[in-house]
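The chain contents come next:
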Amino acid sequence: IVTAVHMPENYFVLGIPSKSDFGGVAAAVSDCEQVYVLLDPDAGVRARKLARDIGTKARVVDLPVKIDDGFVQHGMTAPLLIDALKYARPM
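None of the values given here were measured: they were computed from a predicted structure.

What exactly am I supposed to notice about the overall build of the chain here?
Across its full length, the chain holds five helices and three strands. Relative to a compact globule of 91 residues, whose C-alpha radius of gyration would be 12 Å, the chain shows 12 Å and is just as compact. The proportion of buried residues among the 91 residues of the chain is 31%. As presented, the chain carries roughly 5900 Å² of accessible surface, and 55% of it is formed by carbon and sulfur atoms. Counting 10 positive and 11 negative side-chain charges, the chain places the centres of these two groups 7 Å from one another.

Structural data, given as structure tokens:
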């Protein structure tokens, strides 16, 4: 996925559809130190649900556009995304 290509090596990207049931996601990230949830802009409620399912290490980041569209169409770069992660909110 586009986001994975643009991220530094110490970040891993797990792409999931925002309309999925999120089955297995919390288990898949259980060994991660920090988890950032960035769903599509119209999926804010679902992003918070996923963050609650993951637990205290989850943070939600609200972006104005879909993440891949940000890279492909709107000039987002890895440094800009990393800067946006500073504004992530715990659930």
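Where do I start with helix H5 (residues 78-85) in this structure?
Taken residue by residue, H5 has Ala78, Leu81, Ala84 and Leu85 as its buried positions. Around the axis of H5, the buried residues are gathered within 120° of arc, so they sit on the same side.

Explain the layout of surface pockets to me, please; I cannot follow it from the model alone.
The gaps of empty space that remain are located by a probe, the size of a water molecule, rolled over the atoms. A volume near 890 Å³ is recorded for the largest pocket. For the lining of the largest pocket, the secondary-structure elements that each account for two or more residues are helix H2 (25-28), strand S1 (35-37), helix H3 (44-54), helix H4 (67-73) and H5.

Would you explain H3 in this entry?
Because an α-helix packs 3.6 residues into every turn, residues spaced three or four apart end up facing the same way. Along H3, the positions that sit buried rather than exposed are Ala47, Arg48, Leu50, Ala51 and Ile54. Buried residues of H3, viewed axially, fall in a sector of 160°; they line one side. Exposed residues lying more than 90 degrees from the buried face of H3 are Val45 and Arg52. Of the residues flanking the end of H3, it is Gly55, one or two places downstream, whose phi is positive at about 110°.

Honestly, the pattern of salt bridges in this entry has me stumped. Any pointers?
Note that side chains of opposite charge can pair when their charged atoms are close. Summed over all chains, the structure comprises five salt bridges. Two residues, Asp53 and Lys49, come together in a salt bridge whose shortest N-O distance is 2.6 Å. In this pair, Asp53 and Lys49 both sit in helix H3, four residues apart, roughly one turn of the helix. We note a salt bridge from Arg89 to Asp62, for which the minimum N-O separation is 2.1 Å. Here Arg89 is found in strand S3 (residues 89-90), whereas its partner Asp62 is found in the loop between strand S2 (58-60) and H4, with 27 residues between them in sequence. With a relative accessible area of 44%, Asp62 lands in the partly exposed category. A cluster of three or more residues bridged by salt bridges with shared partners is formed by Arg48, Asp62 and Arg89.

Calculation rules
Residues numbered from 1 in each chain as written. Predicted model: local features only at pLDDT ≥ 70, side-chain atom pairs only at ≥ 80, totals over all residues. Heavy atoms only, no water. Helix = DSSP H or I, 4+ residues; strand = E, 2+ residues; numbered from the N terminus. Rg over C-alpha atoms; globule rule 2.2 N^0.38 Å. Buried < 20%, exposed > 50% of the residue type's maximum accessible area, 1.4 Å probe, protein only. Areas by Shrake-Rupley, 256 points an atom, 1.4 Å probe, with all protein chains shown as cover. Lys, Arg positive; Asp, Glu negative; His and termini not counted. Charge placed at Lys NZ, Arg CZ, Asp CG, Glu CD. Arc of directions from axis to C-beta. 1 Å grid on protein atoms, 1.4 Å probe; cavity = no way out; pocket = protein on both sides within 12 Å on 5 of 7 lines; lining within 4 Å. Points joined across faces, edges and corners; volume = space filled by probe spheres on them. Salt bridge = Lys/Arg side-chain N within 4 Å of Asp/Glu carboxyl O.

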